[in-house]
Amino acid sequence: MSYEYLALLAAACWAFGSLLSAQAATHLGAFAFTRYRMLIAMSLLWLLSLLSGSWQTLASAQVLLLILSGAIGIFIGDTALFAAMNRLGPRRAGVLFATHALFSVLLAYFFLGETLWGLTLVGGSLLVGGVMIAIAFGKRKEEQHQWESSQQGLKIGIALALLSALCQAVSTLMLKPLMVEGLDAIAGSAVRMSTGFALHLLVWLLGWRIAKSYLPLTPKIFGYVFINASLSMVLGMTLILQALKSGDAGMVALFSSVSPVLILPMLWLVYRRRPAWGAWAGAVLTVAGIALLIR
């Protein structure tokens, strides 16, 4: 399967996994939810790596870079995004986080020599613009989050959302050379996930209030967390690493950024909630951008 479809499939995994995250994240709290799903994902990835023997392919230099990538992308990036959502609400934070695709393209140009010209540049612009429009105008007025009416902490929230996008881009860029060298995607994901979990666990052990669970973990909530971890963090992240083996880092980032658009028809099917006009407009632009990129 070509890298374009691997990245799109990863975006679909993230979109479907996020459908199951809302109830679990509300029940446990964002940090506790993330800690539990990282533990599950890490366990599954190491199990797969041990069964396949792929862990033996890891070199010490690769492990160090994977640890750094996990710390930047999974821990700092996710933490900054949650903090931004607390100040801006999920919609405004989501629009700003969507800039990670732009950061990836720019960083790939400066550090990897990747370029976008002609119809590819037009397609990438349509894709990113469509995703942003779908997030920004994809909800009706009565569905807006209560935080979005607040202007308190606006500058800090914007800075945190952009920081999370930059961390996502940097961590992806760091992985490209490793994947070209032939790093196993499952083993690489296992190391990155272990790093993120270890840092989240440290925050919890230090007694930070934000890291504590709101409510106890129930079997039903565990089921939601398990499916989310399996889809989003095990399958989704492994597909992204596999895509980086043959695809440019900037292009992989562009294709994988469409999950906010892919979730719209899923929400319609599950909740019988017709998307707003902005969602339709954003989806049309995104599809047009994908068509130009895959042509």
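Everything discussed here concerns the structure shown above.
Residues numbered from 1 in each chain as written. Predicted model: local features only at pLDDT ≥ 70, side-chain atom pairs only at ≥ 80, totals over all residues. Heavy atoms only, no water.

Another aspect to go through is the overall build of the chain. Of the regular secondary structure elements, the chain holds 13 helices and zero strands. Ordering the α and β elements of the chain from the N terminus gives α-α-α-α-α-α-α-α-α-α-α-α-α. For 295 residues, the compact-globule estimate of 2.2 N^0.38 gives 19 Å, and the chain sits close to it at 18 Å. Here the C-alpha coordinates of the chain stretch approximately 50 × 50 × 35 Å along the principal axes. Sorting the 295 residues of the chain into buried and exposed places 52% on the buried side. (Helix = DSSP H or I, 4+ residues; strand = E, 2+ residues; numbered from the N terminus. Rg over C-alpha atoms; globule rule 2.2 N^0.38 Å. Buried < 20%, exposed > 50% of the residue type's maximum accessible area, 1.4 Å probe, protein only.)

Turning our eyes to something else, we now look at empty space enclosed by the protein. In total, this model carries two cavities of 30 Å³ or more according to the counting rule given. Residue lining of the largest cavity: W14, H100, S104, Q168, A169, T172, I240, V252, A253 and S256, and that is the complete set. If you list the elements that add at least two residues to the lining of the largest cavity, you get α6 (100-112), α8 (154-180) and α11 (249-256). Within the lining of the largest cavity, the residues separate by chemical class into five nonpolar, five polar and no charged. Roughly 50 Å³ of volume is contained in the second largest cavity. Forming the boundary of the second largest cavity are V105, A108, E114, T115, L116, D248, G250 and M251. Listed by contribution, the elements that provide at least two residues to the lining of the second largest cavity are α6 and α11. (1 Å grid on protein atoms, 1.4 Å probe; cavity = no way out; pocket = protein on both sides within 12 Å on 5 of 7 lines; lining within 4 Å. Points joined across faces, edges and corners; volume = space filled by probe spheres on them. Nonpolar A, V, L, I, M, F, W, Y, C, P; charged D, E, K, R; others polar.)

Another point: the nonpolar core. Membership of the largest hydrophobic core comes to 66 residues, with the highest contact counts inside it found for M193, L244 and F255. It is helix α10 (residues 219-246) that provides the largest number of residues to this core, a total of eleven residues. Aside from chain neighbours lying at most four places away, what touches L244 is T172, L175, K176, M179, A249 and V252. A83, A84, L88 and L96 belong to the second largest nonpolar core, which has eight residues in total. (Core = buried A, V, L, I, M, F, W, Y, C linked by side-chain atoms within 4.5 Å. Contact = heavy atoms within 4.5 Å.)

Our focus in this paragraph is a nonpolar patch on the surface. On the surface, L106, Y109, F110, F111 and L112 cluster together into a nonpolar patch covering about 580 Å² of accessible area. Here F111 shows up in helix α6. F111 sits in the exposed class, given a relative accessible area of 63%. (Patch = residues over 30% accessible without salt bridge, like charges linked within 9 Å, V, L, I, M, F, W, Y side chains within 5 Å. Areas by Shrake-Rupley, 256 points an atom, 1.4 Å probe, with all protein chains shown as cover. Salt bridge = Lys/Arg side-chain N within 4 Å of Asp/Glu carboxyl O.)

Take V287: it is sitting in helix α13 (residues 277-294). Exposure remark for V287: the relative accessible area of 53% places this residue in the exposed category. Through-space distance from the C-alpha of V287 to that of V261 is 9.4 Å; in sequence the pair is 26 residues apart.

Let's shift gears to the environment of T286. Looking at the element boundaries, T286 is found in helix α13. Along the sequence, T286 and G129 sit 157 residues apart, while their C-alpha atoms lie 7.4 Å from each other. Residues contacting T286, with those up to four places away along its chain left out, are L126, L127, G130, V131, V258 and V261. At 3.4 Å, the side chain of T286 forms a polar contact with the backbone nitrogen of V131. (Polar contact = N/O pair within 3.5 Å; in protein donor to acceptor, adjacent residues only side chain to side chain.)

For α6, every residue scored as buried is listed here: H100, A101, S104, L107 and A108. Looking straight down α6, one finds that the buried residues subtend no more than 125° of arc, so they occupy a single side. Positive backbone phi, approximately 75°, marks G113, located one or two places after α6. (Arc of directions from axis to C-beta.)

All we've got here are geometric facts, nothing functional implied.
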